[in-house]
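Read off the chains here:
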Amino acid sequence: DDLAIGEGRLVPHGTRPFYVVRVDATRVVALSAVCTHVRCILGYDRERRGLVCPCHDGRFDLAGNVLSGPPPRPLPTYAVSVRAGEVFVHL
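No experiment lies behind these values; they were computed from the predicted model shown.

Engineer: I would appreciate a short explanation of the sheet that holds strand S3 (residues 28–32) in the present structure.
Structural biologist: In a beta sheet, neighbouring strands pair by backbone hydrogen bonds and run either parallel or antiparallel. Taken in spatial order, the five strands make up an open sheet running S1-S2-S3-S8-S9, and their pairing is antiparallel. Two strands in the sheet have a free side with no partner beyond their single neighbour: strand S1 (8–11) and strand S9 (86–90). The mean angle between the axes of side-by-side strands here comes to 25 degrees, regardless of whether they run parallel or antiparallel. For strand S8 (residues 77–83) and S9, the ladder comprises five bridges, and the chain directions are antiparallel. Residue pairing across strands places Arg-83 opposite Glu-86, the latter belonging to S9.

Engineer: Could you clarify how one ought to interpret the packing of aromatic side chains in this entry?
Structural biologist: What describes a pair of aromatic rings is the distance from one ring centre to the other and the angle between the planes of the rings. Within the structure shown, the criterion is met by two aromatic pairs. Taken together, a centroid distance of 6.1 Å and an interplanar angle of 70 degrees make the contact between Phe-18 and Tyr-78 edge-to-face. Here Phe-18 is found in strand S2 (residues 18–22), whereas its partner Tyr-78 is found in strand S8, with 60 residues between them in sequence. Look at Phe-18 and you get buried, because its relative accessible area is 6%. With a centroid separation of 6.3 Å and an interplanar angle of 35 degrees, the aromatic rings of Tyr-19 and Tyr-44 are classed as tilted. Of this pair, Tyr-19 sits in strand S2 while Tyr-44 sits in strand S4 (residues 43–45), and the two are 25 residues apart along the sequence.

Engineer: Even after reading the chapter, I still don't get the side chain of Ser-32, so can you show me in this structure?
Structural biologist: Topologically, Ser-32 is positioned in strand S3. Within the local environment of Ser-32, its side chain forms a polar contact with the backbone nitrogen of Val-34, the two atoms lying 3.1 Å apart. Once residues lying within four places of it in the same chain are set aside, the contact partners of Ser-32 are Pro-17, Phe-18, Leu-42, Leu-51, Leu-75, Pro-76 and Tyr-78.

Engineer: When you look at the state of the cysteines in this model, what are you seeing that I'm missing?
Structural biologist: Should the sulfur atoms of two cysteines be covalently bonded, the bond is a disulfide. Taken as a whole and assessed by the stated rule, the structure comprises one disulfide. Each sulfur in the disulfide pair Cys-40 and Cys-55 lies 2.3 Å from the other. Its S-S torsion of approximately -115 degrees makes the covalent link between Cys-40 and Cys-55 left-handed. Highlighted residues: Cys-40 in the loop between S3 and S4 and Cys-55 in the loop between strand S5 (50–52) and strand S6 (59–61), separated in sequence by 15 residues. Looking at Cys-40, the relative accessible area reads 13%, which means it is buried. You can see Cys-35 has no disulfide; the closest cysteine sulfur is in Cys-53, sitting 4.0 Å from it. Residue Cys-35 is classed as buried on the basis of its relative accessible area of 3%. Judged by its relative accessible area of 3%, Cys-53 is buried.

Engineer: Can you walk me through the nonpolar core in this structure?
Structural biologist: One broad rule of soluble globular proteins: the nonpolar side chains tend to lie buried together. Counting residues in each nonpolar core, the largest one holds 15 residues, and the members touching the most others are Tyr-19, Leu-42 and Leu-51. Setting aside residues up to four positions removed in sequence, Leu-51 forms contacts with Tyr-19, Leu-31, Ser-32, Leu-42, Gly-43, Tyr-44, Gly-58, Arg-59, Phe-60 and Leu-75. If you look at the next biggest cluster of nonpolar residues, it comprises six residues, including Phe-18, Val-20, Val-28 and Tyr-78.

Conventions adopted
Residues numbered from 1 in each chain as written. Predicted model: local features only at pLDDT ≥ 70, side-chain atom pairs only at ≥ 80, totals over all residues. Heavy atoms only, no water. Pairing = 2+ DSSP bridges. Helix = DSSP H or I, 4+ residues; strand = E, 2+ residues; numbered from the N terminus. Axes fitted to C-alpha atoms, helices over the stretch in contact; angles between N-to-C directions. Phe/Tyr/Trp six-rings, centres within 6.5 Å; stacked < 30°, edge-to-face > 60°. Buried < 20%, exposed > 50% of the residue type's maximum accessible area, 1.4 Å probe, protein only. Polar contact = N/O pair within 3.5 Å; in protein donor to acceptor, adjacent residues only side chain to side chain. Contact = heavy atoms within 4.5 Å. Disulfide = S-S within 2.5 Å. Core = buried A, V, L, I, M, F, W, Y, C linked by side-chain atoms within 4.5 Å.

Below is the structure:
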């Protein structure tokens, strides 16, 4: 419930960190925080509603698609469910 619309949070999870982003009032997405180029940890760009690689300026949309830069493939995405105000990500 405390994840505002447009807000993204990095969730550390061993070697598979991911972002959880509230897209709108009813939809939350989760996608890998690891760039598919050389495995840098991505940053969330709230203004552009996507993820950015600080190393080589690769850019991804919230569906994990490559928008620009050197990443060779999209980011993995994960199924999300929201129950009783809590977000559950299925890895």
